[in-house]
Every structure is written in structure tokens, then in C-alpha cells.
Amino acid sequence: MAYITLRDVQLAFGGPALLDGANFNLERGERVCLIGRNGEGKSTLLKLIEGSLLPDSGEVSLQNGITISMLAQDVPMDSGKVADIVADGAGEAAEVLRAYHEASEACVLGDMEACDRMGMLQHQMDQLDGWALETKVNSILSKMGLDPDADLADLSGGRKRRVLLARALLTQPDVLLLDEPTNHLDVESIEWLEKFLLDQNNLTLLFISHDRAFVDSIATRIVELDRGVLRSYEGNYSRYLELKQQQMEAEEKQNALFDKKLAEEEAWIRQGIKARRTRNEGRVRALKALRDESKARRSQQGKVAMATQDAQRSGKVVFEIENLSVKFGDKAPIINDFSALVLRGDRIGLVGDNGVGKTTLIKAILGQLEHSGTVKTGTQLEIAYFDQLRNVLDLEKSVKDNVAEGADHVDVNGHRRHIYSYLQDFLFSPERARTPVKALSGGERNRILLAKLLLKPSNLIVMDEPTNDLDMVTLELLEEMLAEYKGTLLLISHDRAFMDNVVTSTWVFDGKGNINEYIGGYQDYLLQRPDDKVVDQKAAVKKAQAKAEVAAAPKKKLSYKDQRELDQLPAELEALEKEQAKLSDQLADGSWFTKDMDAATQASQRLAEIDDIMLEKMERLEELENMTKA
């Protein structure tokens, strides 16, 4: 039996049904990603499964005895001891344990009523197995690298999400529900979360995410919520796109045949007296059924239509940055002695953990923040700035007034358009365009920012986390728009797939004030970056070679073949080390990838092979040495 089953579930909140006869099964051990456009009802579906919402009709059934935990989308800003917040995931047991500790402290101070309460609480602890709770809490916090005594308010967004995940996993649930778990996380935290979830044996996942790299790494199946219906697609996101395209083409053909049939019947019913004499009631009833079906049919939500407004070309040099440093008070510089040349047409991605100075660098370059060093700005620069904090939006004003600033018409590349027409390009109906921004979702607010940003003629676009809360379709359209943009782009993003598809070079922040530049996107950076494991491996090679020299006079117990192998291994390791160093140097600056992508890719694969071969040879060397000592 499936862990979770939905049968003909119906749910609406006054408008079109969010779930319209939806059916779904979640089997044990699956990792299912739920995708869909903003506002389709994905989070609502998780709440139905969790039990905090009930359907209008239909059935949501769970296998007897299974437990479910949910990690919410929003990260709390509250303070509190990490261990206590995690323990709260145990519900009643946590409350009883806390009450027992309080009574114990009061009893020691002479409060006899507290001493009496301890006996009752001790009995409850025995029933709830509460004594093991502290051990469980400390164990899971250690596993996640969290300090039990830290205050939640002092932690980064990524660490806070680890705390919430620890709380959700404390009771070892059968099913974990995750709502946008990567939102506002830096790349390191996302990669940690991927590895952690994949290491959890027998954990069944149902999660919502717009991060395509995360989905490809985690999901075993994709389920799309589209116009109230759930459709299942086996495989990764790329496979989903192929199957979805086939499905949409079949649906369009089916709808075209339906519309043709309806038009023919409507024409027939409107014919004159001669036709009415031959009219039959069965055909009339069939027409009425066709009309009802046509009214009930929900067309697919349109796609966002994005286009930049081109300004005159900037000068060839956009920014010339020399020895730029930013320091706050007596602390170490957050940006230390950074120099770079930004040319017209460059598309640069900024990568690093939260708080390392990515936004700080952008503000310093744009002259919004004091710094040492120099930044020479090119000529004829017109900048459009997408702010991750959405500070440019007035939450009390409507969508229309935020974008058009009270006007009824906007200028789009020399053409005058009514604001409602323009906003429909970004999927805002006239009614939705009159809605205050404070009532909209995060994804809708991001679309407002894009609509506002793209009205401004520019030859430099600066984007600070534009992908948060956007659905996958809108993300891909934004990628296409940026790929066609003729100006310069500075982009901060933790979305690895988005970076790979958009940028031509990457600035990587190490968290110590240093910034290194790499050619290409995030995956290209991974191939080019210095690898600490290589450094450690070289030390291991030298150590192994030293051991081999000590074993120059082997014991007689070694066979001739083994002795010869032992003699040759140090030279073989040295040759591999030299080949490794040569390939690393050739790949270091990234130019090989632009000149000959196939050869560079083969070289990077060879580097990985060398790692494995060297480790095998070192293990064999140690084995032979031990034989000489036997």
C-alpha cells in the first residue's frame, strides 16, 4: 500500500479549483518533486497531506502508523536555544521534559510542591520515552554540525534551516515534506542539504523546489500540478521537459479537434427551417454537453513575455577596478584588494556563502558604498538594478502603480502601451494589477520587479538574487531574455543551473576578503578551482615514497613479482603526480575550455581518473610494505 494516496480531491478558495479531481500516490522510498506555476496550489497540497487543511471533497488517506514531518518555506526570525527548538519537534515529550527540568531545579531550592510534581512528570516521561529525547537531540545536532547552546537569532539562513530540518527529523518520520528548502540558501548550504538528504536511508520525500540542479540531484520522480490536475513524470527535470512537450502537443491537437466539432455543431443548430425539420434531440443534447465541456475546460496559464529596453551602447570598458577594499570598523576587510576589468557584453556571476560581501561589492562598484582603491566607470552607462530585498516596491500600492508610478500608459521600446496590456505580459490580469503588493506571493512580487526593471532602458543590468520564488518556466524565460541581452550583466545567484546558463565568467568569494575569477559558469568553476584534496594527496604521495625508501632492503618473504612491484611503485606515483600537476596547470585559467571544449573536458576526466589510480597504488604500496614487516 502507498504511504499517501489522494483520490478525486477537490479544493477551491472561491476562484478556479486549485485541485480539480486530483489523484496521487507516494510510495515508500520515493523522492518526489512537486512543481507548478506560482499560485497553482503546491503549498496547499502539502498542507492537505500534513493535515492542516481539509479537502472540499475526495479523500486523502495515509498508511496506518506512518509519521509525517513538514519543513515550512519560511525561516523564523525568533530567538531561542537551538537544542530547545529542535526538542520541540517531539511535541508532548519535549513539554514534559522541560517541565521536569524546571520542577527539578525548583525542588533543589526547597519547593516541595515542585518535588511532588516531579513524581507525576517522571511517570509521564516513562510513558512517552522522554528520557531518550535529550540523547536524540544531541545526536542529530552533532550529525548536522550545530551547536546545541547557540541562539537561533544569531545563525545564518542556512544554519536556521538546518535547525528546522533537525527538528523535523527528530522523530524519525516516514515522510518528510519540504517547501522550497533551498530558498535563500548559499551554494554550500544547498550542496550540504543535497548530500544530507541522499544519505538518509528509507526517508520518503515530497518536496517543492524551483532549483533545477537540486531537483535533478534529489528527485526520483516529478509531479506537476497544472490547472488543478496532478500529472506524474518519471526521471529528472530534463526528461520531464521532453515528456511535457509531447503532452502539450497532444493536448493542443485534441483541443483543436474538439473546437472544430463544437463549431460544426453550433453552425448546424443555427441553420434555418429546413435543418430544424431534421434536427434530432440526441444531437441537441450532445451539443449541450459539448458547450458544458468547453466552459469547464481550463486553458494553460500563459507564459511571461520578457524583453529588455535597449539603451545606447556603453563604452567598451564598463568598469576598471583597482585594489578595491571595503572594511567596516575594526573588523577584517570584507573585500580585500580586488582588481578586475569589466568589458561591454560581459555576463559575470558572483558566487559565495551568505555574508561574504557579494552585495557589498556591487554597491561599492556602483558608488553606493565607501571603499578604498579606485573604480573607473565607463561612458554612457545606464543601469537597471534588481534588488533581492525588493526595497523598490511600495507594499501598500497596487501592482499597476508600482510599475507605472500612477500612469495609465508606458513606453516599451518606442511603442506606447496601456499598463494593463503590459502587465498581462507578466501574467497579471487587470483585476490582479489593481491588487496591493502586500497581498501577493513572493513569486508575483518578483514578476513585478521584472516588469518594472524591464521598462527602464539599460546597457547594464545588475541582479541580486532574481530567481528566488520564481517558477521554473519563468526562470527559463528569464534565462532566454538575459542570453539575448546585448548589454553587460552582474548577477548574484545561488541557482547553479541559472548561473551555468547565463554567465560567461564567475567571481568566487572565499569568505576571507579574496575574490578569484574563473571562466564560465558554476560547473566550469568547479572544474578549475584548486582542490584541497589534491594538496593532501601530494603529501600522502611524498609520505608513501619516503616509506618506500625506508623499505629499500626488503624482507625475503616478498616474491620476486611483489618485490619488483614495490620497487616500481614510487616512480609510477611520481609520474602520475607530474601528469596531474601538468593537467591542473593547463586547466587553471579556463582558456582551454573556450579553445577546445572536448579536449579540456577529457583532461578534467583524466584528472579524476588519476586521483583513483593514485589512491589504489598508495594502498598497494602500503600493503606491500606491511608484508615486509610481517
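Definitions and limits used
- Residues numbered from 1 in each chain as written.
- Predicted model: local features only at pLDDT ≥ 70, side-chain atom pairs only at ≥ 80, totals over all residues.
- Heavy atoms only, no water.
- Helix = DSSP H or I, 4+ residues; strand = E, 2+ residues; numbered from the N terminus.
- Buried < 20%, exposed > 50% of the residue type's maximum accessible area, 1.4 Å probe, protein only.
- Contact = heavy atoms within 4.5 Å.
- Areas by Shrake-Rupley, 256 points an atom, 1.4 Å probe, with all protein chains shown as cover.
- Axes fitted to C-alpha atoms, helices over the stretch in contact; angles between N-to-C directions.
- Parallel < 35°, antiparallel > 145°, perpendicular 65-115°, else oblique.
- Left-handed = near helix turned anticlockwise from the far one by under 90°.
- Nonpolar A, V, L, I, M, F, W, Y, C, P; charged D, E, K, R; others polar.
- Core = buried A, V, L, I, M, F, W, Y, C linked by side-chain atoms within 4.5 Å.
- Polar contact = N/O pair within 3.5 Å; in protein donor to acceptor, adjacent residues only side chain to side chain.
- Disulfide = S-S within 2.5 Å.
- Expected span 1.5 Å × (residues − 1).
- Pairing = 2+ DSSP bridges.
- pLDDT = per-residue confidence, 0-100.
- Salt bridge = Lys/Arg side-chain N within 4 Å of Asp/Glu carboxyl O.

## Structural notes on the overall build of the chain
Part 1: Each helix and strand counted, the chain has 23 helices and 20 strands in total.
Part 2: The buried share of the chain, reckoned over its 630 residues, is 44%.
Part 3: Nonlocal contacts in the chain, meaning residues at least 24 apart in sequence, comprise 69% of its contacts between residues at least 6 apart.
Part 4: Total accessible area on the chain stands at roughly 32,600 Å², and carbon and sulfur atoms take up 48% of it.

## Notes on the packing of helix 3 (residues 92-108) against helix 4 (residues 112-128)
Part 1: Orientation of helix 3 relative to helix 4, taken along the N-to-C sense of each, is 150 degrees, at an axis distance of 9 Å. With respect to each other, helix 3 and helix 4 are oriented roughly antiparallel. Crossing of helix 3 over helix 4 shows left-handed handedness. Contact residues: Glu 92, Ala 93, Val 96, Leu 97, Ala 99, Tyr 100, Ala 103, Ser 104, Ala 106 and Cys 107 in helix 3; Ala 114, Cys 115, Arg 117, Met 118, Leu 121, Gln 122, Gln 124, Met 125 and Leu 128 in helix 4.
Part 2: Residue composition of the contact of helix 3 with helix 4, grouped by class: 14 nonpolar, three polar and two charged.

## Describing the nonpolar core
Part 1: Val 86, Leu 165, Leu 176, Leu 197 and Phe 207 are the most contacted members of the largest nonpolar core, which has 53 residues in total.
Part 2: Sequence-distant contacts of Leu 165, that is, excluding residues within four places in its chain, are made with Leu 71, Met 144, Leu 176, Leu 178, Trp 192, Leu 193 and Phe 196.

## Looking at the environment of Glu 405
Part 1: Here Glu 405 is to be found in the loop between helix 13 (399-404) and strand 15 (409-412).
Part 2: Distance from Glu 405 to Lys 452, taken between C-alpha atoms, is 9.6 Å for residues 47 residues apart in sequence.
Part 3: When neighbours within four sequence positions are excluded, Glu 405 is seen to be in contact with Lys 400 and Lys 452.
Part 4: Separated by 3.4 Å, the side chains of Glu 405 and Lys 452 make a polar contact.

## A short note on the state of the cysteines
Part 1: Tallied over the entire structure, the rule returns one disulfide.
Part 2: Here Cys 107 connects covalently by a disulfide to Cys 115, the sulfurs 1.9 Å from one another. The sign of the S-S torsion, about 95 degrees, decides the handedness of the disulfide formed by Cys 107 and Cys 115: right-handed.
Part 3: Judged by its relative accessible area of 22%, Cys 115 falls in the partly exposed class.

## A word on the environment of Glu 622
Part 1: Tracing the chain through its elements places Glu 622 in helix 23 (residues 597-629).
Part 2: Residue classification places Glu 622 among the partly exposed positions, given a relative accessible area of 43%.
Part 3: Taking the C-alpha atoms as reference, Glu 622 lies 9.5 Å from Leu 566; in sequence the two are 56 residues apart.

## Focus on helix 16 (residues 442-453)
Part 1: The end-to-end C-alpha distance of helix 16 is 16 Å, a good match for the 16 Å that twelve residues give at a rise of 1.5 Å each.
Part 2: Taken together, the buried positions of helix 16 are Gly 443, Glu 444, Arg 445, Asn 446, Arg 447, Ile 448, Leu 449, Leu 450, Ala 451 and Leu 453.
Part 3: As for helix 16, its buried residues are in contact with strand 14 (383-386), helix 13, helix 14 (419-424), helix 15 (430-433), strand 17 (460-464) and helix 17 (472-484).

## Notes on the pairing of strand 9 (residues 229-234)
Part 1: In this sheet, strand 9 lies alongside strand 8 (residues 221-226) in antiparallel orientation, the contact comprising six bridges. Note that in strand 9 the partner of Leu 225 across the bridge is Leu 230.
Part 2: Counting the residues between successive antiparallel strands, the hairpin from strand 8 to strand 9 contains two residues, one of them, Arg 227, with a positive phi of roughly 55 degrees.

## With respect to the sheet that holds strand 20 (residues 515-519)
Part 1: Across the sheet, six strands lie side by side as 14-17-18-12-19-20; this open sheet has mixed pairing. Where the open sheet ends on each side, the last strands, each with one partner, are strand 14 and strand 20. For this sheet, the mean inter-axis angle between neighbouring strands, taken without regard to orientation, is 15 degrees.
Part 2: Strand direction decides the pairing type here: strand 12 (residues 347-351) and strand 19 (residues 505-509), joined by four bridges, are parallel. Bridge pairing in strand 19 links Gly 349 to Thr 506.

## Concerning the confidence of the model for the chain
Part 1: Overall, the prediction assigns the chain a mean pLDDT of 81, with 84% of residues at 70 or greater.
Part 2: For residues 532-544, every residue scores under 50 in pLDDT, and the model assigns this stretch 17 contacts once sequence neighbours within four places are set aside.

## Some points on unusual backbone geometry
Part 1: Here the phi dihedral of Asp 8 falls at roughly 50 degrees; this positive angle occurs in a residue that is not glycine.
Part 2: Among the structural elements, Asp 8 can be located in strand 1 (residues 4-11).
Part 3: The class of Asp 8 is partly exposed, set by a relative accessible area of 49%.
Part 4: Even without a glycine there, the phi angle at Glu 405 is positive, about 55 degrees.
Part 5: In this structure Glu 405 comes out as exposed when scored by relative accessible area, which is 64%.

## Observations regarding the environment of Leu 178
Part 1: Inspection of the secondary structure assignment puts Leu 178 in strand 6 (residues 175-179).
Part 2: Taking relative accessible area as the criterion, Leu 178 reaches 0% and is therefore assigned buried.
Part 3: Along the chain, Leu 178 and Leu 205 lie 27 residues apart, while their C-alpha atoms are 7.6 Å from each other.
Part 4: Among all residues touching Leu 178, those that are not within four sequence positions of it are Leu 46, Leu 71, Leu 165, Leu 197, Leu 205, Leu 206, Phe 207 and Ile 208.

## Here's the deal with the pairing of strand 15
Part 1: Residues Val 410 and Val 412 line the buried face of strand 15, whereas the alternating positions His 409 and Asp 411 sit on a face that is not buried.
Part 2: When strand 15 meets strand 16 (residues 415-418), the two strands line up antiparallel, connected through four bridges. Bridged to Asp 411 within strand 16 is Arg 416.
Part 3: Where strand 15 hands over to strand 16, the hairpin turn is made up of two residues, of which Asn 413 adopts a positive phi near 50 degrees.

## Some details on the pattern of salt bridges
Part 1: Scanning the entire structure with this criterion turns up 18 salt bridges.
Part 2: Close ionic contact of Arg 231 with Asp 226 constitutes a salt bridge, the shortest N to O distance being 3.5 Å.
Part 3: Take Arg 231: its relative accessible area is 25%, and that puts it in the partly exposed class.
Part 4: Overlapping salt bridges bring together Glu 194, Asp 211 and Arg 496 as one network.

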